[in-house]
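Chain and residue survey
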Amino acid sequence: FDAKGGARLRVLSWNVAAVNNNPFEYWITHPSPLYKQLMQSVEDFIVRPGDEDVRVDQVFTDAMFRQLLEKMRTHMKGIGASDLETVSRMWESEYRGRRVVSEFLRDGVIGKKRLASMPDRVSNTIQLSSGELAFRPTVINCYKGEI
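Being a predicted model, the structure only gives us computed values, none of them experimental.

Thresholds, definitions, all that
Residues numbered from 1 in each chain as written. Predicted model: local features only at pLDDT ≥ 70, side-chain atom pairs only at ≥ 80, totals over all residues. Heavy atoms only, no water. Helix = DSSP H or I, 4+ residues; strand = E, 2+ residues; numbered from the N terminus. Buried < 20%, exposed > 50% of the residue type's maximum accessible area, 1.4 Å probe, protein only. Contact = heavy atoms within 4.5 Å. Phe/Tyr/Trp six-rings, centres within 6.5 Å; stacked < 30°, edge-to-face > 60°. Core = buried A, V, L, I, M, F, W, Y, C linked by side-chain atoms within 4.5 Å.

Looking at the side chain of Ser88
Mapped onto the secondary structure, Ser88 falls in helix 4 (residues 81-95). The class for Ser88 is buried, based on a relative accessible area of 16%. What Ser88 contacts, discounting residues up to four positions off in sequence, is Phe65 and Leu69.

Details of unusual backbone geometry
Even without a glycine there, the phi angle at Arg114 is positive, about 60°. Checked against the element boundaries, Arg114 lands in the loop between helix 6 (108-113) and helix 7 (117-123). For Arg114, a relative accessible area of 31% puts it in the partly exposed group.

Regarding the packing of aromatic side chains
Counted under the stated rule, the structure contains three aromatic pairs. Look at Phe65 and Trp91: their rings are 4.8 Å apart centre to centre, the planes differ by 10°, and that puts the pair in the stacked class. Pair noted here: Phe65 is in helix 3 (residues 62-76) and Trp91 is in helix 4, with a separation of 26 residues, a long-range link. Summarising the aromatic geometry, the rings of Tyr95 and Phe104 are spaced 6.2 Å apart at their centres and angled 80° between planes, so their arrangement reads as edge-to-face. On the basis of relative accessible area, Phe104 is assigned to the partly exposed category, the value being 24%.

Comments concerning the nonpolar core
Within the largest apolar cluster, seven residues are counted, these being Val56, Phe65, Leu69, Leu84, Trp91, Tyr95 and Ile110. Within the residue set of this core, elements represented by two or more residues are helix 3 and helix 4. For this core, the element with the most residues is helix 4, which contributes three residues. For Leu69, the residues in contact, after removing those within four places along its chain, are Leu84 and Ser88.

Below is the structure:
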């Protein structure tokens, strides 16, 4: 009760309804020490990647970028061609030379703009009109094919 004799209510809310199925985004209580070791290793790598913090263009190569750009041009059929030129310039000047962990994944501006998380969220797992699920090839969902 507060000073005026009324009841005081203190509440706490935490959104536990995860909107994606990335197993590295949420820690759970699990009896296996291997789980804790795995999750701690992932966290340690994100905090201190060391020599493993390679450049973006070593993972997503220039050839892959050109292939993606060509697919976008084909599917867009000329619409937004100037936007794709902007994307190309940004790839060259802003992104390809960055370190994957320290300069891309941990970049606060990329995080605020949701440039990595939102595309993953909307394409990671898609519910089809049949009710079945389609999984984008990634290690952070239930995709069963070879990656």
